[in-house]
Amino acid sequence: MKRIQNYIDGELCEPLGGKYLDNVEPATGQVYSQVPDSDERDVERATSAALAAFPGWSATPAADRSRLLCKIADLIDANLDRLAEAETIDNGKPITLARTLDIPRASENLRFFGTSVLHFHSESHATDNVAINYTLRKPRGVVGTISPWNLPLYLFTWKIAPALATGNTVVGKPSEVTPMTAFLLTELCREAGLPPGVLNVVHGLGPKAGAAIVKHPAITTISFTGGTATGAEIARTAAPMFKKMALELGGKNPNIIFADANMDAAIPGSVRAAFSNQGQVCLCGSRIFVERSAYKSFLTKFVEATGNLKIGDPLEPATQHGAMVSRPHYEKVLSYIELARQEGGDFICGGKNAPPPNERCKDGYFIEPTIITGLDVNCRVNREEIFGPLATVIPFDREDEVVEYANATDYGLSAAVWTENLSRAHRIADRIQAGTIWVNCWLLRDLRVPFGGMKQSGVGREGGQEALRFFTEPKNVCIATPKS
Ligand code: NDP
């Protein structure tokens, strides 16, 4: 059985404790590989390697760092099929999604940040005629990155690319639930000739390997994407150590449909927003609010379009809806379906585990895309992040009312609004408490824009210049210019 290895100081290596965890293919429920159960000794080794590599890497000209990151991006492209298949087996997501979204985005992340660092600039300020200030932006040192299982290589590279591009060295921990593509990436880093210690990957459990990264005194900066409760735990350790932190956390995002919306776009857009990646995207629009005059016809067409989603073996190219990532997560989502029943929801479609699509997948974790109406805006199903293929549909009458509904959660990651009324789109975009507002689209991402959440969806922003700034320390130099 394949054994994933840590990547420390340029070498692929066993965890020091010699322990491994089972890695399960969610579509089959079978163990198919093993992942290191690393502990703080492995994190210590990785951090020492990253510290040793920092002086050389931070002094490497940006153009050379850029070339290396672009070379890794090219290798990802050259290995697209292999990486997409690995992501699908590890995560349960449809192979077509992995081929067209996850893996291409991973190479784009490296190419985007690898080239944007060449254009990164800082400021200078002339203070009347008495001084000139200029700002240096220095890499922060050793950065810890911790990423989740839903978009494994996509989010892993989203963090390491700007960190490495700006001259930091990295100790990264992918989710132990989906470690495979980060492991394959480390093989590509070796092939590309990334100097030893610049990137180190320690696999293992969050509370063990992840927590060891967060509390290591030499790791100055933590970039985390994951659940809100984990983010709070990380902040409890890192904040008193004065570490710089970016926390990208959960979401419970509204998807608002006005009666004047172009339904030919709004309906498929809402299906994608609700059910992409089996609803396991932090940006999924799982609370759908529809203006009452369009409610019935929207619901009919939305249910019909959802019914056309092909649930299947994730390895089949035609599959649009694959397996949930793990048994515990599958059970969690089913428990929310049960809660929706207790809270009085009407199930318009779905509402249970899906029959296995074939013999191979007979023990897999499949759940039907589920649409529920009749729930109160403030019930638990409508307030808590479920992270599964479960959407609620709620009618509204007035603009003020829907803004209040949209803001009625502790989260504030994203929102989508569908309307042909431009003034209304601007008003709603202004009033919704979320870091990203999409108008007449969903998950249309430009890597240059600030990305992050308000309220309990996070602290800080990633993306474009925000990420380059986050991973650098501004230092102002003030030079007096005395008159002679
Ligand atoms: P978790 O918070 O459970 O885990 C995220 C990462 O943190 C994993 O690598 C995990 O390791 C690690 N971890 C867990 N506990 C600790 C700890 N005490 N100290 C350090 N690291 C720890 O999230 P999930 O993996 O379940 O991912 C789903 C969540 O991610 C959802 O809430 C989703 O909304 C959020 N998310 C947010 C995004 C955003 O941009 N805002 C984007 C994508 C997802 P391990 O898994 O190995 O235990």
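Shown above is the structure to which this text applies.
Small disclaimer: the values here were computed from a predicted structure and weren't measured. (Residues numbered from 1 in each chain as written. Predicted model: local features only at pLDDT ≥ 70, side-chain atom pairs only at ≥ 80, totals over all residues. Heavy atoms only, no water.)

Within the protein, the secondary structure is distributed over 15 helices and 23 strands. Since a compact globule built from 484 residues should have a radius of gyration of about 23 Å, the 23 Å found for the protein is in line with a globular shape. C-alpha extents for the protein along the principal axes are approximately 75 × 65 × 40 Å. For the protein, with 484 residues in total, the buried portion stands at 59%. Sequence separation of 24 or more characterises 75% of the internal contacts of the protein that already satisfy a separation of 6 or more. (Helix = DSSP H or I, 4+ residues; strand = E, 2+ residues; numbered from the N terminus. Rg over C-alpha atoms; globule rule 2.2 N^0.38 Å. Buried < 20%, exposed > 50% of the residue type's maximum accessible area, 1.4 Å probe, protein only. Contact = heavy atoms within 4.5 Å.)

Take the packing of aromatic side chains next. The relation between two aromatic rings is expressed through the spacing of the ring centres and the mutual angle of the planes. According to the stated counting rule, one finds 11 aromatic pairs in the structure shown. Taking the centre distance of 4.9 Å and the plane angle of 85° together, the rings of Phe112 and Phe113 count as edge-to-face. An identical accessibility class is assigned to Phe112 and Phe113; each is buried. Note on Tyr330 and Tyr365: the rings are 5.6 Å apart at their centroids and 40° apart in plane angle, and the pair reads as tilted. Here Tyr330 is found in helix α11 (residues 327-342), whereas its partner Tyr365 is found in the loop between β15 (346-349) and β16 (370-373), with 35 residues between them in sequence. (Phe/Tyr/Trp six-rings, centres within 6.5 Å; stacked < 30°, edge-to-face > 60°.)

In space, the 3 strands of this open sheet follow the order β6-β7-β23, with antiparallel pairing throughout. Of all the strands in the sheet, the pair left with one neighbour each is β6 (124-127) and β23 (472-480). Pairwise comparison of adjacent strand axes, ignoring direction, gives a mean angle of 20° for this sheet. (Pairing = 2+ DSSP bridges. Axes fitted to C-alpha atoms, helices over the stretch in contact; angles between N-to-C directions.)

The end-to-end C-alpha distance of α11, which contains 16 residues, comes to 23 Å, matching closely the 22 Å that a straight helix rising 1.5 Å per residue would cover. Of the positions making up α11, those classed as buried are His329, Tyr330, Val333, Tyr336, Ile337, Leu339 and Ala340. Contact partners of the buried residues in α11: β15, β16, α12 (380-383) and β17 (390-396). Sitting at the amino-terminal end of α11 is Ser326, which places a side-chain oxygen 3.2 Å from the backbone nitrogen of His329. Positive backbone phi, approximately 95°, marks Gly344, located one or two places after α11. (Expected span 1.5 Å × (residues − 1). Polar contact = N/O pair within 3.5 Å; in protein donor to acceptor, adjacent residues only side chain to side chain.)

Bringing the pattern of salt bridges into the picture now. Side-chain pairs of opposite charge can arise whenever the charged atoms involved come near each other. Using the criterion set out here, one finds 26 salt bridges in the structure. Note that Glu11 is salt-bridged to Arg190, the shortest N-O span being 3.7 Å. One end of the pair, Glu11, is in strand β3 (residues 11-13); the other, Arg190, is in helix α6 (residues 180-192), and 179 residues separate them in sequence. A salt bridge links Asp39 to Arg41, with the shortest nitrogen-to-oxygen separation between them at 2.8 Å. For Asp39, a relative accessible area of 15% puts it in the buried group. It is possible to trace a salt-bridge network through shared partners that takes in Glu25, Asp313 and Arg360. (Salt bridge = Lys/Arg side-chain N within 4 Å of Asp/Glu carboxyl O.)

Relative to the assigned elements, Gly92 resides in the loop between α3 (80-91) and α4 (95-116). Classification of Gly92 by relative accessible area gives buried; the value is 0%. Each residue touching Gly92, except ones within four places of it in the same chain, is listed here: Pro26, Glu87, Gln278, Pro314, Gly322 and Ala323.

This brings us to the side chain of Asn277. By the secondary structure assignment, Asn277 is in the loop between α9 (263-275) and β14 (285-291). Residue Asn277 is classed as buried on the basis of its relative accessible area of 2%. In terms of polar contacts, Asn277 uses its side chain to reach the side chain of Lys93, at 3.4 Å. Apart from the residues lying within four places of it in its own chain, the contact partners of Asn277 are Asn91, Lys93, Leu97, Asn150 and Leu151.

Sheet architecture is open: 3 strands sit in the order β1-β5-β4, paired in mixed fashion. Two strands in the sheet have a free side with no partner beyond their single neighbour: β1 (2-3) and β4 (20-25). Bridging between β1 and strand β5 (residues 30-36) involves 2 bridges; their strand directions are parallel. Considered in β5, the bridge of Arg3 is made with Gln34.

Time to look at the packing of helix α2 (residues 62-78) against α6. Close contact between α2 and α6 brings their axes to 9 Å; oriented N to C, the two are set at 125°. As far as their axial angle goes, α6 and α2 are oblique. Classified by chirality, the crossing of α6 by α2 is right-handed. Contacts between α2 and α6 involve Leu68, Lys71, Ile72, Leu75 and Ile76 from the first element and Leu185, Leu188, Cys189, Glu191 and Ala192 from the second. Here the residues of the contact of α2 with α6 are counted per class, giving 8 nonpolar, no polar and 2 charged. (Parallel < 35°, antiparallel > 145°, perpendicular 65-115°, else oblique. Left-handed = near helix turned anticlockwise from the far one by under 90°. Nonpolar A, V, L, I, M, F, W, Y, C, P; charged D, E, K, R; others polar.)

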